[in-house]
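Topology and contacts: notes
The chain contents come next:
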Amino acid sequence: MLLIRRFEEKVEERFRAGDLAGFLHVAIGQEAVAVGVCQALEPDDVIASTHRAHGHALAKGTTPNALMAELYGKVEGCSGGYGGSMHLYDVEKGNLGANAVVGGGLPSVVGSALAFQLRRQPRVAAAFFGDGATNIGTFHESLNLAQLWRVPAVFVCENNGYAESTPSHQQLPIKDLAKRAVAYGMRSIVVDGQDVEATHRAALEAVRHAREGQGPVFLLANTYRLTGHYVGDPQVYRPKDELPQLRVTEDPIEKLKVSLGLANSEWQALEAKVVQAVDASVEFAEAGTDPRPEDALKHVYAD
Amino acid sequence: MTEVAISTREITYREAVREGLAEAMRADPDVFIMGEDIAEMGGSMGVTQGLLAEFGSERVRNTPISEMAIVGTGVGAAMQGMRPVVEIMYQDFMTLAMEQIVLQAAKHRYMSGGQHSVPLTLRTQGGAGWSPGAQHAEQLEAWVCHVPGLKVVYPATPEDARGLLWSSIYDNNCVIFFEHRNLYPIKAPVAEQLMPIELGRARVHRVGADVTVVATGRLVHAALTVAEQAAGEGVSVEVVDPRTLLPLDEGTILASVMKTNRCVVAHEAVVQMGFGAELAALIQEKAFDYLDAPIERVGSKFAPVPFAPVMEEYVIPHEADVMAAVKRTLARS
């Protein structure tokens, strides 16, 4: 979690400095969901991620070096420079890909889970998505089909209360998102997504349920995006005192720090290790290889 | 050189598609099919009849009416290395799944820097001529031909349907496989055993000297009829069917036009921005000096497909339109 936090802070810094192209969505505040869920998965389980993808990728095992190099558009990046922040892939590590289309990755998680079921493999596919995605058609079609066929999938809803800038009350006709799963007869588990240990326990149960062939699970993790929708977002849509207050009361890392009861020196040692890894990833990325422009025509088709 | 006689039998286009599916499923347990009404009912066009009995309900899967999920589930299974074949009942309904086709199936390989393959085949059908109205009769092949990462196949004969379907299923990319509704009952001889046909190879159906008609789908048959009629009038028409629209066999098409010096492109889809526009652009770009006349385009008039038979007949192209185009191009000196 700390690695994700420091990594994303560094990414924000380098983006503001003009080192990174495109645009960026960081998941500061939502780290516990990525870590709690991915730690509950086995190495050959798979995930599909979202436009807010850095945490999921790191939690599923992509190295900071490969991730940072991707953000720098380098050949050494986890998508070879073809993807960028919103299209992080690491198939070997079980990351099917981050998706810049809200809800876009859910059907392929159902399909992956179907493949596991057909091949009698004890594997699970997990989809990350936000509360905003529960309004889009792929969400409903995917949950419906997944439950109908009882495929081993876990649908992880990172409910951070905003669809980009639009607050829940303007985009959701119901308050309790777990009801979405009820409509499909799907089991749902609701958890405090700021509590990594609780999230991990909930995810373990969801994954167990799916893996044992009892069908998919809707895992609703209530969380907070302690930052804007994108880097540079002025957040005019938020009440002015909301963010400073949430940063005090809802920071999952501060909560973990308290629950772990680590001495300051131990925490500082962790910090130092993480900062070193992040700094090293920047050095790695800066020293990376630029793709040749004409490489843009590769990988359009498989042989 | 000795010629080996290949024993043949006659089957319909519908049976040819079915045989292509069945043979591919027999050959590889990773091939499975899913779509609306394809199991017990055998599909809205009867293409998949009998497959449930042979392969069982795990591999012949009825789905809800959920085009996004049908395609997207296929994408996911394909990303895991299976070879799903999904059926979209009418190509008009492909529009419901365009995000999963265009933004997911076509791009995962690219965006992952070559890590993924998506060996998904999407079968769909359509076409006018039976008054289904504007939402069951379109020809949308140009939509998907515009997308890097997809392959597009449109067979016109039983032999091509069977052999190309096999190759589509075993291709490591997402292939959109178009069938024409009105071709399902046509019968033609096929080889006793399935012979795979390589994607990206056009077929010269009839050799001619005066004008080339490059046609797809139903219009291939219209062009062949016209060629026969024209022969009676002393005009020699060459008929070329690209069969695979993407990637396109440019060489065969250009060689034909360079020989005949005149060209008509013909499809059932609307002319404007149609697949024929790309053919015309290709030919003028690479064979301009060989042309003796402007390239003529045949296709539907620029309107949705209307219901009333007299209006539908007015909008969609027929043999007479191909013949008229052939004559126009020959009239230019």
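Quick summary incoming for the structure in this document. All values derive from a computational prediction rather than experimental measurement.

This brings us to the overall build of chain B. Looking only at helices and strands, chain B features 12 helices and 14 strands. Compactness check: chain B gives a C-alpha radius of gyration of 20 Å against a globular reference of 20 Å for 333 residues, within 12% of the reference. Taken over the C-alpha atoms alone, chain B extends approximately 60 × 50 × 45 Å along its principal axes. The buried share of chain B, reckoned over its 333 residues, is 61%. Sequence separation of at least 24 residues holds for 82% of the intrachain contacts in chain B that already meet a minimum separation of 6. Of the roughly 12600 Å² of accessible surface on chain B, a fraction of 54% belongs to carbon and sulfur atoms. In chain B, 27 positive and 41 negative side-chain charges are present, and the distance between their average locations comes to 2 Å.

Glancing now at the sheet that holds strand β14 (residues 296–300) of chain B. All names here are of chain B. Taken in spatial order, the 5 strands of this open sheet run β9-β11-β10-β13-β14, and their pairing is mixed. The open sheet has two edge strands with one neighbour each: β9 (203–206) and β14. Each strand axis lies, on average, 25° off the axis of its neighbour in the sheet, ignoring direction. Inspection of the sheet shows β9 paired to strand β11 (residues 237–241) by 3 bridges, in the antiparallel sense. Across the sheet, the residue bridging to arginine 206 is valine 239, located in β11.

Attention now moves to the packing of helix α5 (residues 106–118) of chain A against helix α3 (residues 67–79) of chain B. Between α5 of chain A and α3 of chain B, the shortest axis-to-axis distance is 6 Å and the interhelical angle comes to 55°. In terms of axis orientation, α5 of chain A runs oblique to α3 of chain B. Judged by the twist between their axes, the crossing of α5 of chain A over α3 of chain B is right-handed. Residue-level contacts link Pro107, Ser108, Val110, Gly111, Ser112, Leu114 and Ala115 of chain A of α5 of chain A to Met68, Gly72, Thr73, Val75, Gly76, Ala77 and Met79 of chain B of α3 of chain B. Its residues assigned to classes, the contact of α5 of chain A with α3 of chain B shows 8 nonpolar, 6 polar and no charged.

Turning to the interface of chain A and chain B, a few remarks are in order. Tallying the contact residues gives 40 residues for chain A and 43 residues for chain B. When chain A packs against chain B, close to 3400 Å² is buried across both sides, 57% of that on carbon and sulfur atoms. When the buried area of chain A at its contact with chain B is split by residue, Tyr89, Glu141 and Tyr301 of chain A rank highest and sum to 19% of it. Summed over the shared surface of chain A and chain B, the number is 2 salt bridges.

Here we take up the pairing of β14 of chain B. Residues and elements named next belong to chain B. For β14, the tally of buried residues reaches 4 of 5 residues, placing the bulk of the element in the interior. With 4 bridges connecting them, strand β13 (residues 263–270) and β14 associate as parallel partners. Pairing of valine 264 across the sheet is with glutamate 296, part of β14. Where the polypeptide runs from β13 across helix α10 (residues 275–287) and back to β14, its parallel neighbour, the crossover connection is right-handed.

With that settled, consider the pattern of salt bridges. Applying the stated rule across the entire model yields 39 salt bridges over all chains. Across the salt bridge formed by glutamate 58 of chain B and arginine 120 of chain A, the nearest N and O atoms sit 3.1 Å from each other. One end of the pair, glutamate 58 of chain B, is in the loop between α2 (51–55) and β3 (60–62); the other, arginine 120 of chain A, is in the loop between α5 and β3 (125–130), on a second chain. When its relative accessible area of 34% is taken as the criterion, glutamate 58 of chain B is described as partly exposed. Put simply, arginine 162 of chain B and glutamate 159 of chain B hold a salt bridge, and the shortest N to O gap is 3.7 Å. Of this pair, arginine 162 of chain B and glutamate 159 of chain B both sit in helix α7 (residues 158–169), 3 residues apart, which is roughly one turn of the helix. Arginine 162 of chain B gets classed as buried once you look at its relative accessible area, which sits at 1%. Glutamate 159 of chain B sits in the buried class, given a relative accessible area of 18%.

Let us now look at the state of the cysteines. Scanning the model with the defined rule gives 0 disulfides over all chains in all. Free of any disulfide, cysteine 157 of chain A has its nearest cysteine sulfur in cysteine 38 of chain A, 16 Å distant. Relative accessible area serves as the criterion here: at 0%, cysteine 157 of chain A is assigned to the buried category. Of all cysteine sulfurs in the structure, the one in cysteine 145 of chain B sits closest to cysteine 263 of chain B, which takes part in no disulfide; the separation is 16 Å.

Moving on to the sheet that holds strand β7 (residues 187–192) of chain A. Residues and elements named next belong to chain A. Spatially, β2-β1-β3-β4-β8-β7 is the arrangement adopted by the 6 strands of the open sheet, whose pairing is parallel. Of all the strands in the sheet, just β2 (95–98) and β7 have a single pairing partner and so form its edges. Across the sheet, the mean angle from the axis of one strand to that of its neighbour is 15°, orientation sign disregarded. On the sheet, helix α2 (residues 31–38) packs against β1 (46–49), β3, β4 (153–159) and β8 (217–222) and is oriented at approximately 170° with respect to β3.

Of all 8 residues that make up helix α4 (residues 98–105) of chain B, 6 are buried, and the element is covered over most of its length. Buried residues of α4 of chain B: Met98, Gln100, Ile101, Val102, Gln104 and Ala105 of chain B, and no others.

The next subject is the side chain of glutamate 179 of chain B. All names here are of chain B. Structurally, glutamate 179 can be placed in strand β7 (residues 174–180). Within the structure, the side chain of glutamate 179 is placed 2.5 Å from the side chain of tyrosine 184, a separation counted as a polar contact. Excluding residues within four positions of it along the chain, glutamate 179 makes contact with Tyr13, Val17, Val47, Gln91, Arg123, Thr124, Gln125, Gly126, Tyr154 and Tyr184.

The residue after leucine 246 of chain B, namely proline 247 of chain B, is reached through a cis peptide bond having omega 0°. Tracing the backbone through its elements, the reader meets proline 247 of chain B in the loop between β12 (244–246) and α9 (250–260). With a phi angle near 55°, arginine 120 of chain A is a residue other than glycine that sits in the positive phi range. The class for arginine 120 of chain A is exposed, based on a relative accessible area of 58%. Of note in the backbone geometry, serine 131 of chain B takes a positive phi value of approximately 55° without being a glycine. Mapping serine 131 of chain B onto the fold places it in the loop between β5 (121–126) and α6 (141–145).

About the thresholds
Residues numbered from 1 in each chain as written. Chains lettered and ligands numbered in written order. Predicted model: local features only at pLDDT ≥ 70, side-chain atom pairs only at ≥ 80, totals over all residues. Heavy atoms only, no water. Helix = DSSP H or I, 4+ residues; strand = E, 2+ residues; numbered from the N terminus. Rg over C-alpha atoms; globule rule 2.2 N^0.38 Å. Buried < 20%, exposed > 50% of the residue type's maximum accessible area, 1.4 Å probe, protein only. Contact = heavy atoms within 4.5 Å. Areas by Shrake-Rupley, 256 points an atom, 1.4 Å probe, with all protein chains shown as cover. Lys, Arg positive; Asp, Glu negative; His and termini not counted. Charge placed at Lys NZ, Arg CZ, Asp CG, Glu CD. Pairing = 2+ DSSP bridges. Axes fitted to C-alpha atoms, helices over the stretch in contact; angles between N-to-C directions. Parallel < 35°, antiparallel > 145°, perpendicular 65-115°, else oblique. Left-handed = near helix turned anticlockwise from the far one by under 90°. Nonpolar A, V, L, I, M, F, W, Y, C, P; charged D, E, K, R; others polar. Buried area = accessible area lost by both parts, 1.4 Å probe. Salt bridge = Lys/Arg side-chain N within 4 Å of Asp/Glu carboxyl O. Right-handed = clockwise from strand over helix to strand, strands pointing away. Disulfide = S-S within 2.5 Å. Polar contact = N/O pair within 3.5 Å; in protein donor to acceptor, adjacent residues only side chain to side chain.

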